[in-house]
Amino acid sequence: MPIARAFATTAAIALISGSAFAQQANMSFFITSAGPGKGANLGGLDGADKYCQTLAQAAGAGAKTWHAYLSTQAAGGAMAVNARDRIGKGPWQDAKGVIIAKDVAELHGENNLTKQTALNEKGEIVNGLGDNPNMHDILTGTQPDGTAFAPEGDKTCGNWTKDGAEGSAIVGHSDRTGLNDSAPQKSWNSSHPTRGCSQPGLISTGGAGLLYCFATN
C-alpha cells in the first residue's frame, strides 16, 4: 500500500475511533457490559453506584456522577429508596448519542428504550430473548413507576446484599420482549422476579446480573 494511502487509512481509523470515544464521553445512560459476578450482591446501593462509575470511567465518561437504577425496600429502620429518585433529571442518551428519555416522567412512560438503544458502555447491543445467552434481565428491584416495593417480600435480594439461593429481585427486560405480549413482559424495569440471588440463579431466568446506569448530572 502506498505511504499516502496508508496514512489516509490510519487517519480515517483514528477519526472514527475518536468520534466513537467522544460519543461515549457524552453518554448519560448505559447497561453494564457485565455484572460484578456475585449475583445480586452488589454491595448495596453504594457498591452498585461505584460499579457504574468504574465502567463509565473506563469508557471515557467518568467525569459525570453515575448511579445504578435500583430501588431498596424499607428494612432495619432504614427508609425505602426509589430508583427514579436516584438518577437525576435527564435527558439521557446512549453511547451512540440517541436520546432514550428527556426526563423522569418520559422514562417511566413512553420512552425510547429498545434493544437497539439500550446499549452497554461500549456501545454494544445487549443480548436479548432469542440470543445465546439471553441477558435481558436487568436488576432493578422496582415497580413500573420507578418506586420501591413495600417491605413485605424480598424484591431486592436483601437490598442488594444477597448472593445465595434465598431471596429474589425484580428485573426488567432491556429488549422489551418476553414470552408473551403482556405489559410486564415488555417492561424495561419491572418484568418478573429472579430465581434466588446467586449468579446461576440470575442466569437461569435470562440474566447476568446487569444494571442500568444513569448519569445524575
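Criteria and thresholds
- Residues numbered from 1 in each chain as written.
- Predicted model: local features only at pLDDT ≥ 70, side-chain atom pairs only at ≥ 80, totals over all residues.
- Heavy atoms only, no water.
- Helix = DSSP H or I, 4+ residues; strand = E, 2+ residues; numbered from the N terminus.
- Contact = heavy atoms within 4.5 Å.
- Disulfide = S-S within 2.5 Å.
- Buried < 20%, exposed > 50% of the residue type's maximum accessible area, 1.4 Å probe, protein only.
- 1 Å grid on protein atoms, 1.4 Å probe; cavity = no way out; pocket = protein on both sides within 12 Å on 5 of 7 lines; lining within 4 Å.
- Points joined across faces, edges and corners; volume = space filled by probe spheres on them.
- Nonpolar A, V, L, I, M, F, W, Y, C, P; charged D, E, K, R; others polar.
- Phe/Tyr/Trp six-rings, centres within 6.5 Å; stacked < 30°, edge-to-face > 60°.

## Overview of the environment of Cys 52
Relative to the assigned elements, Cys 52 resides in helix H2 (residues 44-58). Along the primary structure Cys 52 and Thr 32 are separated by 20 residues, whereas in three dimensions their C-alpha atoms are 7.2 Å apart. Other than its neighbours up to four places away in sequence, Cys 52 contacts Phe 30, Trp 66, His 67, Ala 68, Tyr 212 and Cys 213.

## Quick notes on the environment of Arg 86
The residue Arg 86 is located in the loop between strand E2 (66-68) and strand E3 (92-93) in this model. Sequence separation between Arg 86 and Leu 70 is 16 residues, and the spatial gap between their C-alpha atoms is 8.1 Å. Here Arg 86 is in contact with Leu 45, Asp 49, His 67, Ala 68, Leu 70, Val 81 and Thr 216, once residues within four sequence places are set aside.

## A closer look at the state of the cysteines
Counting across every chain of the model gives two disulfides. Note that Cys 52 is cross-linked by a disulfide to Cys 213, the S-S spacing being 2.0 Å. Between Cys 52 and Cys 213, the S-S torsion sits near -75 degrees, and that sign places the bridge as left-handed. Residue Cys 52 is found in helix H2, and its partner Cys 213 is found in strand E8 (residues 207-215); the two are separated by 161 residues along the sequence. In terms of burial, Cys 52 and Cys 213 fall into one category: buried. For the protein, numbering the cysteines in disulfides from first to last along the sequence yields the connectivity 1-4, 2-3.

## Looking at empty space enclosed by the protein
Scanning all chains against the criterion turns up one cavity of 30 Å³ or more. The space that makes up the largest cavity amounts to roughly 30 Å³. Elements that contribute at least two residues to the lining of the largest cavity include exactly strand E5 (137-139) and E8. Tallying contributions element by element places E8 first for the lining of the largest cavity, with three residues. Residues of the lining of the largest cavity, tallied by class, amount to four nonpolar, four polar and one charged.

## Brief notes about the packing of aromatic side chains
The tally for this structure, following the rule as stated, stands at eight aromatic pairs. Centroid distance Trp 92 to Phe 214: 5.3 Å. Interplanar angle 85 degrees. Geometry classified as edge-to-face. Within this pair, whereas Trp 92 is found in strand E3, its partner Phe 214 is found in strand E8, the two being separated by 122 residues in sequence. By the burial criterion, Trp 92 is buried, and Phe 214 matches it. Among the aromatic residues, those joined into a ring-pair cluster are Phe 29, Tyr 69, Trp 92, Trp 188, Tyr 212 and Phe 214.

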